[in-house]
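Observations on the three-dimensional arrangement
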Amino acid sequence: MKKIVNWIKHPSLSKRLAVSFLLILTLSVLILSGVSYYTAESSIEDEIMRSAKNSVDQLNEMIDQNIDKKADAITYFSEVIKEKAYTEKGQTSLRQNKDVEAVFTRYLPQGILF
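None of the values given here were measured: they were computed from a predicted structure.

The full count for this structure, using the stated rule, is two salt bridges. Residue E47 pairs with R50 through a salt bridge whose shortest N-O separation is 2.6 Å. With E47 and R50 both in helix α2 (residues 13-80), this residue pair falls three residues apart, about one helical turn. The exposure class of R50 is partly exposed, given its relative accessible area of 45%.

What follows is the structure, given as structure tokens:
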């Protein structure tokens with residue numbers, strides 16, 4: 001302990017240079033570390049936000065496509081299909097559209113005439 005106190009109390013030129021180099025190196029490493037951390041943080045945050053936006057956009061597009069198909073089926077079912085389609089043998093015109101066929105076979109009991 002006395003050596004350290006003596007070393008601090010009686011600085012020589014070599015001791016001053018050693019302390020100066022240590023301070024310069026330490027400060028430069030700390031500054032570089034801080035800048036690197038800030039850059040990495042902002043880059044990762046931007047990448048996560050971009051990835052999340054792409055995922056949401058893809059999901060939105062898939063939902064829109066699915067809803068558009070169902071809307072077309074509903075339009076077809078509500079406007080085109082008349083009472084004659086239900087009374088046809090085997091309902092061939094209804095079975096041409098998969099979505100309409102699914103609605104017809106699942107939700108309408110056989111024999112109902114509209």
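What follows deals with the confidence of the model for the chain. Scored by pLDDT, the chain comes out at a mean of 78, with 69% of its residues at no less than 70. Within the chain, no element has a lower average pLDDT than helix α4 (residues 98-107), which sits at 56, and none a higher one than α2, at 90.

Attention now moves to a nonpolar patch on the surface. Residues M1, I4, V5, W7, I8, V19 and L23 make up a contiguous nonpolar surface patch of about 730 Å² in total accessible area. Elements represented by at least two residues in the nonpolar patch include exactly α1 (2-9) and α2. No other element matches α1, which puts four residues into the nonpolar patch. For L23, a relative accessible area of 52% puts it in the exposed group.

Basis of the calculations
Residues numbered from 1 in each chain as written. Predicted model: local features only at pLDDT ≥ 70, side-chain atom pairs only at ≥ 80, totals over all residues. Heavy atoms only, no water. Salt bridge = Lys/Arg side-chain N within 4 Å of Asp/Glu carboxyl O. Helix = DSSP H or I, 4+ residues; strand = E, 2+ residues; numbered from the N terminus. Buried < 20%, exposed > 50% of the residue type's maximum accessible area, 1.4 Å probe, protein only. pLDDT = per-residue confidence, 0-100. Patch = residues over 30% accessible without salt bridge, like charges linked within 9 Å, V, L, I, M, F, W, Y side chains within 5 Å. Areas by Shrake-Rupley, 256 points an atom, 1.4 Å probe, with all protein chains shown as cover.

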